[in-house]
Amino acid sequence: MKTSIFTCLFMVLLACACSQSGTDGSQPLGGDTPLQEGSLRIAVTPTLDCLPLYVAQHEGGFQDEGLSVQLVPFTAQMDQDTAVAGGTVHGLTTDSERMAWLSSHGTPLQQVARTSLSWQLLTNKAARLTLLSQLDDKMVAMTRYSATDKLAAHLVDSAGLQPERVFRIQVNDVLVRLAMLKNGTMDAMLLPEPQATEARLDGHPVLYKSGTGFGVLAFRQDVMADTARRHQVERLVALVNAATDSIAARGLQHYRTLIASYCGVRPEVVDSIEMRDER
């Protein structure tokens, strides 16, 4: 098993290097995005919890409100963290565990809204795992100090497994994580939507689905302490809430082209996503 882990770690490093040199899809990494000075900049990922922000942008809500907002795309939580810690962005979409970790490590954040972020535990179809107890001596991809880390620990415990017998491998980039499931270099992983649905449609089994209580939209506390910026954030949140209501009323299929574009998935993947409570 040790040899497999070392091989896997090498593949993680190689995949990450490839992802930095160019993506398949669609969104540049945040570091490659020209920043708009004066804009309220928010770090986002190619995941469904960011949809209300993209809907508000796509339907002209920011412009109608006189708000200058820039959505800065990343594919890994840790890159978002670096951007918000360094002040490159003012806020980010993340999970409550990650927000707490950042706040306790020098970047105080304030939650301004909840998002629909959720995860599914999928296993590699070649591994033929059907029970959580079969994760013994297997590798599970997640992000440390995040909700995926907490969920992985909970699932290991609920299955009655010894923590040291389930190898939690840090793979921060959600697209790299999905690729590792597809190419068979990872036994299991926690994926958000729409990547979870893409993997499911490719035949990878789902062993667990989380609730939607982890996702947050948060801003730096120094940003919220600035009166002008705080008013911008408050208007932004109103637009995000309106977009969330629109998604709930119209359904995800109404936004299938938008989701496919910013998430880099096939439109038919969007058609297969299970609609969740967006709040």
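Here, the structure is the one placed above.
Rules used throughout
Residues numbered from 1 in each chain as written. Predicted model: local features only at pLDDT ≥ 70, side-chain atom pairs only at ≥ 80, totals over all residues. Heavy atoms only, no water. Core = buried A, V, L, I, M, F, W, Y, C linked by side-chain atoms within 4.5 Å. Buried < 20%, exposed > 50% of the residue type's maximum accessible area, 1.4 Å probe, protein only. Helix = DSSP H or I, 4+ residues; strand = E, 2+ residues; numbered from the N terminus. Contact = heavy atoms within 4.5 Å. Disulfide = S-S within 2.5 Å.

Asker: Explain the nonpolar core to me, and be specific about the residues and the numbers.
Answerer: Formed by 36 residues in total, the largest nonpolar core has its most connected members in Ile 42, Leu 51, Leu 53, Phe 219 and Leu 236. Elements represented by at least two residues in this core include exactly β1 (40-44), α2 (51-58), β2 (69-73), β10 (215-220), α9 (221-225), α10 (227-250), α11 (256-263) and α12 (267-271). Counting residues per element, this core draws most heavily on α10, at seven residues. When neighbours within four sequence positions are excluded, Leu 236 is seen to be in contact with Leu 40, Ile 42, Leu 53, Phe 62, Leu 67, Val 69, Leu 217 and Phe 219. In this structure, Leu 129, Met 142, Leu 155 and Ala 188 belong to the second largest nonpolar core, which totals 18 residues.

Asker: So what's going on with the state of the cysteines? Which residues, and what values?
Answerer: Tallied over the entire structure, the rule returns zero disulfides. Here Cys 50 is not disulfide-linked; the sulfur of Cys 263 is the nearest cysteine sulfur, at 7.9 Å. Residue Cys 263 is classed as buried on the basis of its relative accessible area of 3%.

Asker: Report on unusual backbone geometry, specifying residues and quantitative values.
Answerer: Cis geometry is found at the peptide bond from Glu 193 to Pro 194, where omega equals 5°. You can see Pro 194 is positioned in the loop between β8 (188-191) and α8 (195-201). Unlike most non-glycine residues, Arg 128 shows phi in positive territory, near 55°.

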